[in-house]
Amino acid sequence: MRRQASGIWPMVLLLVAVAIVAALRMTIDRDPSSGALSLAWPQAEWRSFRVTATVVGLLVGGGLALAGTLLQASLRNPLASPSVLGV
């Protein structure tokens, strides 16, 4: 029982890290002329682009993680990867 409870904290930390990275993706802005980075909430015309890019990134990353987990679970091999299997 204790072992399962300790396995929750790494997932919580990963979810917090994902939330922080997603928030940074929404707020980091780059000036096209100079290339300088700044922290600023996007203007209205860029907000939908950044939200879409953030959501697509989260979905693609989650899908790849799920695919890798399913591949390792179905083969019962923790080192299974597409390059090793030739998928």
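The structure we're discussing is the one just above.
Because the structure is predicted, anything quoted here is derived from the model rather than measured.

S.K.: Which residues make up the packing of helix H2 (residues 8-27) against helix H3 (residues 44-75), and what values go with them?
M.R.: Relative orientation of the contacting elements H2 and H3 amounts to 150°, with a least axis distance of 9 Å. As judged from the angle between their axes, H2 and H3 are roughly antiparallel. Here H2 runs over H3; the crossing is right-handed. Along its contact with H2, which presents Val 18, Ala 22, Arg 25, Met 26 and Thr 27, the element H3 presents Arg 47, Phe 49, Arg 50, Val 51, Ala 53, Thr 54 and Leu 58. Classifying every residue of the contact of H2 with H3 by side-chain character gives seven nonpolar, two polar and three charged.

S.K.: Help me get a handle on the packing of aromatic side chains, residues and values and all.
M.R.: How two aromatic rings sit relative to each other is set out by the distance from centre to centre and by the angle between their planes. Within the structure shown, the criterion is met by one aromatic pair. On the basis of an interplanar angle of 80° and a centroid distance of 5.9 Å, the ring pair of Trp 46 and Phe 49 is categorised as edge-to-face. Of this pair, Trp 46 and Phe 49 both sit in helix H3, separated by three residues, roughly a single helical turn. Given the relative accessible area of 47%, Phe 49 is considered partly exposed.

Cut-offs applied
- Residues numbered from 1 in each chain as written.
- Predicted model: local features only at pLDDT ≥ 70, side-chain atom pairs only at ≥ 80, totals over all residues.
- Heavy atoms only, no water.
- Axes fitted to C-alpha atoms, helices over the stretch in contact; angles between N-to-C directions.
- Helix = DSSP H or I, 4+ residues; strand = E, 2+ residues; numbered from the N terminus.
- Parallel < 35°, antiparallel > 145°, perpendicular 65-115°, else oblique.
- Left-handed = near helix turned anticlockwise from the far one by under 90°.
- Contact = heavy atoms within 4.5 Å.
- Nonpolar A, V, L, I, M, F, W, Y, C, P; charged D, E, K, R; others polar.
- Phe/Tyr/Trp six-rings, centres within 6.5 Å; stacked < 30°, edge-to-face > 60°.
- Buried < 20%, exposed > 50% of the residue type's maximum accessible area, 1.4 Å probe, protein only.

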